[in-house]
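Observations on the model geometry
These are the residues of each chain, in order.
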Amino acid sequence: MSLRDAILRIELVRGLVDFVFPPLCLGCSTYTDNKSIVCDSCLKSIDRFSFPICLCCFKMLPSGALCSECREQSLTLFALGNYTAPLRDLIIQFKFKGIRSIATMFAEELVVQFGSRIAEFDAALLVPVPLHPEREHSRGYNQAQVLAQRLAPLLDIDVADDILLRLVKGRPQADQKFEKRAENIKGVFNVPRPAKTAERVILVDDVVTTGSTMMEARRVLDGAGYRTVAAISVAHGL
Ligand SMILES: [Zn+2]
Ligand SMILES: [Zn+2]
C-alpha cells in the first residue's frame, strides 16, 4: 500500500466508524464529531514537533536525515510531540489503563506528520523496544509492540518483535535520575541471532526521554549486524 493510499484509507475508515458510533474523546471525555477517538481541540493542543530530532543532542533536524554535528553517533527520532498534556495523558491511558486502541490514532498521526520522511530511511523492519517478559505479562501487552503493529501496514514495513529481547529486569527508567538512566539500561538487551543481511531497522517506543534506551538498543542490534537507521516514538520529553 502506498503512503497516499494509506492516508486515504485512514480518512475513509475514520469517517465510517464515526457515522455509526459518535465517540467520546479519550483526552477530555467530551463527545467528539472528529474523525478520531480524540477531539479536534485535544488534537490541536498537542505540542507537535514539526521536524525529527537528533537523539544525541536533541536538536531539531529541519534538513537532511542525519545531524551534521553528531554524524554517525546521531539517531534520527520521529516523535509526534512533546510529552505534555494532552499527549502525556493519552499515553498514560495507552500504557497503564489498557486502552490499546489509542495506538491507532498515534500511528495515524505519526504517518500523516512524518510518513514520507520515514520512508526515506528505506527500513526493512520495525523493532519495538521490548519489556522484560514479567512486566509484559503483568501489563498484558507491550505498548511499543502494539504501536509498531499499528504503524506497520501504514508504513508498509514488517514488525520484528523477536530479534531484540530484554533479559534483565532493571528498574523502570521513569524512576531513575537522568544521569543514572544510561547506566541502568546498559546490558539489558540481547539479540539471540545475528542479522542475515544487515537489515535496516527502525526502533519503536512510546516515550523517549534521555534516549539512552534507544541508544542501548541500537548498540546491541548493530553489534549483531543490523543497521539501526532511525527511531519512532509518540512523545519526547525531558
Ligand atoms: Zn478532547
Ligand atoms: Zn545531534
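As the structure is a prediction and not an experimental result, all values here were calculated from the model. (Residues numbered from 1 in each chain as written. Chains lettered and ligands numbered in written order. Predicted model: local features only at pLDDT ≥ 70, side-chain atom pairs only at ≥ 80, totals over all residues. Heavy atoms only, no water.)

**Considering the environment of L77**
Along the chain, the position of L77 falls in strand β2 (residues 76-82). Owing to a relative accessible area of 0%, L77 belongs among the buried residues under this scheme. C-alpha of L77 to C-alpha of V204: the two residues are 127 residues apart in sequence and 9.5 Å apart in space. Sequence-distant contacts of L77, that is, excluding residues within four places in its chain, are made with P52, I53, L55, V208, A231, I232, S233 and H236. (Helix = DSSP H or I, 4+ residues; strand = E, 2+ residues; numbered from the N terminus. Buried < 20%, exposed > 50% of the residue type's maximum accessible area, 1.4 Å probe, protein only. Contact = heavy atoms within 4.5 Å.)

**Side note on the packing of helix α4 (residues 102-119) against helix α6 (residues 143-155)**
Contact geometry of α4 with α6 gives a least axis separation of 9 Å together with a crossing angle of 45°. When the interaxial angle is binned, α4 and α6 end up oblique. Crossing geometry of α4 relative to α6 is assigned as right-handed. Where α4 approaches α6, its residues A103, T104, F106, A107, E108, L110, V111, G115 and I118 are matched on the opposing element by V146, L147, R150, L151, L154 and L155. (Axes fitted to C-alpha atoms, helices over the stretch in contact; angles between N-to-C directions. Parallel < 35°, antiparallel > 145°, perpendicular 65-115°, else oblique. Left-handed = near helix turned anticlockwise from the far one by under 90°.)

**Quick look at the coordination of the zinc ion (ligand 2)**
The coordination sphere of the zinc ion (ligand 2) contains the protein donors C54 (SG), C57 (SG), C67 (SG) and C70 (SG), at a distance range of 2.3 Å. We note that the donor set of the zinc ion (ligand 2) lies within a single chain, spaced as C-x2-C-x9-C-x2-C. Remark: C70 occurs in the loop between β1 (53-54) and β2 and C57 occurs in the loop between β1 and β2; sequence separation between them is 13 residues. (Donors = N, O, S within 2.8 Å, 3.2 Å for Na, K, Ca; no water.)

**What to know about the environment of I99**
One can find I99 in the loop between α3 (87-96) and α4. Under the relative-accessibility criterion, I99 is labelled partly exposed at 23%. Separated by 44 residues in sequence, I99 and Q143 have C-alpha atoms that sit 9.9 Å apart.

**Here's the deal with the environment of E183**
Tracing the backbone shows E183 in helix α7 (residues 181-185). For the pair E183 and S212, spaced 29 residues apart in sequence, the C-alpha separation works out to 8.6 Å.

All we've got here are geometric facts, nothing functional implied.
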